[in-house]
Amino acid sequence: MRIDYIIIALKSLTQRKLRSWLTMIGIFIGIAAVVALMGLGEGLRGAITGQFGFLGPDVLGVQASGINFAGPPGQAVVNPLTDDLADKIERIPGVDAAINRFIESGTFEFNDKQDIVFAWNVPEGKDRNIFEDMINLKVREGRLLKDGDKFKVVLGDSFTDEDRFGKEIKVGNKVLFNGQLFDVVGILEKKGSFIFDTAVIMNEDVLVNEFRDDNSVNVIAVKVKDLKTIGNVQRDIEQLLRKERNVKEGEEDFTVQSPQNALQSLDQTLFGVQLFISIIAFISIIVGGIGITNTMYTAVLERTKEIGIMKSIGATNQTIFTLFFIESGLLGIVGGVVGIIFGFVLSHGLAFMGRLALGSELIRADISIELVLGALLFSFLVGLIAGTVPAYQASKKNPVDSLRFTK
Amino acid sequence: MNLELIKYAFLNVKKRKLRSGLTILSILIGVTAIYALISFGVGLQNYVNVIAEQAGIDKLFIQSRGIGAPGTDENFRILRDDIDFVEKINGIQEISGIYFKTVEVKKNRQLKFVFGSGIDPSKIDFVEEAFTVGVEKGRQLKKGDFDKVVLGHNYQLEDKIFKKSVALGEKIEINDEVFEVIGFYEKIGNPQDDSNVFFTYDTFESLFPDDKDQFGFVMVKANRNVDPSLLAERITDKLRKHKGQEEGKEDFFVQTFEDALQTFNNIILILSGILVLIALVSLIVASVNTMNTMYTAVVERTKEIGIMKAVGARNRDILSIFVIESGILGAIGGLIGVILGFLISSTGGKIAAQAGFSFLQPSFPIWLTIGSILFAFFVGAASGSLPAYRASKLKPVDALRYE
């Protein structure tokens, strides 16, 4: 019985091929645009937040407050952290390690070409391994730093790019950072995050003694022993820092939070942009829905006589309603399926072209299963909603008048 | 003759009210979106151009390179000595370095982090001219203003920076020192700039003794009759030699206001272009809808076409009838779309202004309004041209026989 409905609906759609096609094209274009844009947005958002979110959930970042995203952490802050805090934090129960991170900008010279880059440190001693594990630091050539490596650096993958300094930097080359000669001992694995790929990494002793003129620290990375106690550890660190920095509760000029939390505001901003663009693309689906309504009205009008005949041989109002309802739902879902396929191809195609044109690895498309299912369900719903009023009108037609109806 | 055709087309549009209405609705939605988006794009560009006009094209700035937001990288700064050197270069009428640093402002136990600028009080008029702001309330900084501060516009508002608004003459804590508020600047139109605080050189240097003589950026005004971009090149050249740097390895750059604003304008153009393209998709869908409506109309009126042809209508006449009809659908959609777009943009502009983004204001040039309606008309006419062509090619005999 139900199958019959669908067969009848399909038949009437195929009878008016041109009109059905045009109606579906309307929905299909809209769905394709939304799927493509949301896929691109999702990919881009993931790529951007992925630039920063390389730390596990068992790590807390301690930072002085200032203007966010004005540069590396610790830049544009008012009252920087000091290098004596890490040891005090490490004595808090539940803390595995507290590691000072120093970030220093400077000039980098190779092959008589210069760029401005930033360098960061790897701690010496027992913290070295903890830190390397924490950020998953691995070389693809040469080796990582070890204690006593003075004036030796490990470079991020982007330094091997020929375009950057005229020729590829290799292990064994000599480079200048802030005028000081360094040996390159290793090249990092490519991570797709600028924090690693554009980094100049050196031992803490060298970075602090040669290039830092005060006792300030950019960030303190705190690894907790047990993820369950991370809340308590956070509270204890906050209490310690309030005392050390002599500030009252509620007037903290520092933050202690997990890197994921710190990323939330950035992620929200990006999501807002994504939402705005999706809404604009969404308009075309609504327009497509109007197209369905229009087509269904025409169909009801054209088939008035048919409706009359069906009713006179016993079709109920409900049957007529269901028939038209299914027909419009089909228009929506077929348009949706084609649209999703096109959207998928389109977003990956656009991402590919974007990567070629801009050379940025950030441009990615990410079409999740939720997005596909959501788009499918939505296109079906649009079809149904768009068909409701025409189907209702068809179902309410008076059989006698309908039979008498002429165009 | 043509008037007759238009009348006939109108009549047909009116006869199928529901179908015409839905088609118009689908067109007007797209036009609304496009009109609204472009009006904001134009408004933004106007804003930039107004700034350019007020600041004058005779301004340049010198800025250090470095990592992060301009002026925040303390390893790269422009030194007093550099400024003294540049000042002697031919073609410069005025020059002033501006200190730049993050500060903590505090009132009633509420803490905020904003940018603080240190300005040479003897050059305050020049700096205000370059920033295109003036004091709105109170007075500007002058020599000897110690422990006094001029605040950005937003401090006067409630629930913006602090819960309570700040009044003239009130005390405010900046980096744990107490300052007297002596003035407020006019609204610049974005929350970041409108929360800045301004001190004299002396005050800034006492707050940040380590940063003395190290500037975030430097404003320059070119002499009359001097081409600012040539002057920029000359400054780059001489300052590079003065700092003992090689070409291509400068740790600073010089840019004219015009170039900087041009870059900004291009970004606006690209961004609004992308948004308009996305909105254009809905107009494509609308044009498919229109085509559909017109095909249906042709099928329904086959007999009518046959009759018209039988009494002497030429193919061209039939073509015009249907093209005009779909063009009318488009034009009506365009007209309503423009009106709706206007309402939406105006409301959006007001909301943006209330949120502190008063630079985000729409502008409605006449070309946009007329262009949108014309465009909608052409989209309608173009979508109708295929069905119309099919109608015009119908054989009168077959058409008359059609059931």
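Residues numbered from 1 in each chain as written. Chains lettered and ligands numbered in written order. Predicted model: local features only at pLDDT ≥ 70, side-chain atom pairs only at ≥ 80, totals over all residues.

### Focus on the overall build of chain B
Check the secondary structure of chain B and you find eleven helices and twelve strands. Against the globule reference of 22 Å for 403 residues, chain B gives a C-alpha radius of gyration of 31 Å, more extended than a compact globule. In terms of principal-axis extent, the alpha carbons of chain B reach across some 95 × 50 × 35 Å. Sorting the 403 residues of chain B into buried and exposed places 42% on the buried side. At a minimum sequence separation of 6, the contacts of chain B that also span at least 24 residues come to 81%. (Helix = DSSP H or I, 4+ residues; strand = E, 2+ residues; numbered from the N terminus. Rg over C-alpha atoms; globule rule 2.2 N^0.38 Å. Buried ≥ 20, exposed ≤ 12 C-beta atoms within 10 Å, placed from the backbone. Contact = placed C-beta atoms within 7 Å.)

### Topic: the overall build of chain A
Along its length, chain A carries 13 helices and 13 strands. Its C-alpha atoms give chain A principal-axis dimensions of roughly 100 × 55 × 35 Å. Buried residues in chain A amount to 41% of all 407 residues. Sequence separation of 24 or more characterises 81% of the internal contacts of chain A that already satisfy a separation of 6 or more.

### Here we look at the domain arrangement of chain B
Residues and elements named next belong to chain B. Looking at the assigned domains, one finds that chain B contains domain 1 (2-51 + 268-401) and domain 2 (59-225). Averaged C-alpha coordinates put domain 1 and domain 2 at centres separated by 51 Å. Its residues assigned to classes, the side of domain 1 that touches domain 2 comprises three nonpolar, two polar and no charged. (Domains from an automatic or database assignment. Nonpolar A, V, L, I, M, F, W, Y, C, P; charged D, E, K, R; others polar.)

### A look at the interface of chain B and chain A
Tallying the contact residues gives 45 residues for chain B and 46 residues for chain A. Elements represented by at least two residues in the side of chain B that touches chain A include exactly α2 (17-55), β3 (92-107), β4 (110-119) and α7 (257-300) of chain B. The element contributing the most residues to the side of chain B that touches chain A is α7(B), with 16 residues. The residue makeup of the side of chain B that touches chain A, split by class, is 22 nonpolar, 15 polar and eight charged.

### Structural notes on the confidence of the model for chain B
On average, residues of chain B score 90 in pLDDT, and 100% of them are at 70 or above. Scored as a whole, the predicted complex attains pTM 0.81, and scored at its interfaces, ipTM 0.78. (pLDDT = per-residue confidence, 0-100.)

### Brief notes about the environment of T319(A)
Residues and elements named next belong to chain A. The residue T319 is located in helix α11 (residues 317-358) in this model. T319 gets classed as partly exposed once you count the C-beta atoms within 10 Å, which come to 16. Placed 30 residues apart in sequence, T319 and G289 show a C-alpha to C-alpha distance of 23 Å.

### Quick word on the sheet that holds strand β1 (residues 59-64) of chain A
Residues and elements named next belong to chain A. Strand order in this open sheet of four strands is β3-β12-β1-β13, and the pairing throughout is antiparallel. Each edge of the sheet is formed by a strand with only one pairing partner; in this case those strands are β3 (95-101) and β13 (254-257). Neighbour-to-neighbour, the strand axes of the sheet open up by a mean angle of 15°, direction not taken into account. In this structure, β1 lies alongside strand β12 (residues 219-224), joined through four bridges in antiparallel fashion. Bridge assignment links L60 to a residue of β12, and that residue is V222. Along the sheet face, helix α4 (residues 127-134) touches β1, β3 and β12 and points at about 85° away from the line of β3. (Pairing = 2+ DSSP bridges. Axes fitted to C-alpha atoms, helices over the stretch in contact; angles between N-to-C directions.)

### What to know about the pairing of strand β12 (residues 252-256) of chain B
Residue and element names in this part refer to chain B. Side chains F252, V254 and T256 of β12 all project onto a buried face; the interleaved residues F253 and Q255 project onto a face where none is buried. Relative to β12, strand β1 (residues 59-64) runs antiparallel, the two sharing five bridges. By the bridge assignment for β12, L60 is matched with T256.

### Observations concerning the nonpolar core
Residues V62(A), L155(A), V200(A), I201(A), I220(A), V222(A) and V149(B) are the most contacted members of the largest nonpolar core, which totals 105 residues. Those residues in contact with V62(A) that sit more than four places away from it in its chain are L81(A), V219(A), I220(A), V222(A), I237(A), F254(A) and V256(A). Counting 99 residues, the second-largest nonpolar core is a separate cluster that includes A33(A), A297(B), I321(B) and F322(B). (Core = buried A, V, L, I, M, F, W, Y, C linked by C-beta atoms within 7 Å.)

### A word on the domain arrangement of chain A
The domains assigned to chain A are domain 1 (2-51 + 264-404) and domain 2 (59-258). Between the C-alpha centres of domain 1 of chain A and domain 2 of chain A the distance comes to 50 Å.

### Looking at helix α10 (residues 366-392) of chain B
Residues spaced three or four apart along an α-helix point in a common direction, a consequence of the helix completing one turn every 3.6 residues. The terminal C-alpha atoms of α10(B), which comprises 27 residues, lie 37 Å apart, in line with the 39 Å expected from a rise of 1.5 Å per residue. The sharpest bend along α10(B) measures roughly 40° and falls at S385(B), with the proline P387(B) sitting one to four residues further on. (Expected span 1.5 Å × (residues − 1). Bend = angle between axes of the 7 residues up to and from the residue.)

### As for the packing of helix α9 (residues 259-302) of chain A against helix α12 (residues 369-395) of chain A
Residue and element names in this part refer to chain A. Running from amino to carboxyl end, α9 crosses α12 at an angle of 25°, the nearest separation of the two axes being 8 Å. In terms of orientation, α9 and α12 fall into the roughly parallel class. As α9 runs across α12, the sense of the crossing is right-handed. Where α9 abuts α12, its residues I285, G288, G289, I292, T293, M296, Y297 and V300 lie against V382, G383, I385, A386, G387, V389, P390, A391, Q393 and A394. When the residues that make up the contact of α9 with α12 are grouped by side-chain class, the tally is twelve nonpolar, six polar and no charged. (Parallel < 35°, antiparallel > 145°, perpendicular 65-115°, else oblique. Left-handed = near helix turned anticlockwise from the far one by under 90°.)

### So, the environment of A281(A)
Along the chain, the position of A281(A) falls in helix α9. Remark: the alpha-carbon pair of A281(A) and D183(A), spanning 98 residues in sequence, is separated by 52 Å. Apart from residues no more than four positions distant in its own chain, A281(A) is found in contact with A33(A), V34(A), L37(A), I278(B) and V281(B).

### Things to note about unusual backbone geometry
Residue and element names in this part refer to chain A. The phi angle at A76 is positive, at roughly 60°, despite the residue not being glycine. Its location among the elements puts A76 in the loop between β1 and β2 (81-82). C-beta crowding within 10 Å serves as the criterion here: with 24 such atoms nearby, A76 is assigned to the buried category. You will see that N111, though not glycine, has its phi angle at about 55°, which is positive. Note that N111 resides in the loop between β4 (103-110) and β5 (113-122).

### Examining the packing of helix α2 (residues 17-52) of chain A against α11(A)
All names here are of chain A. The interhelical angle for the contact between α2 and α11, taken along N-to-C directions, is 40°, at an axis separation of 6 Å. One element, α2, and the other, α11, form an angle in the oblique class. Considering how the two elements wind past one another, α2 and α11 form a crossing that is right-handed.

### Side note on the environment of G26(A)
Within the fold, G26(A) resides in helix α2. Along the sequence, G26(A) and S158(A) sit 132 residues apart, while their C-alpha atoms lie 45 Å from each other. Discounting residues that sit within four places of it in the chain, G26(A) has contacts with V287(A), G288(A), G291(A), V285(B), V288(B) and N289(B).

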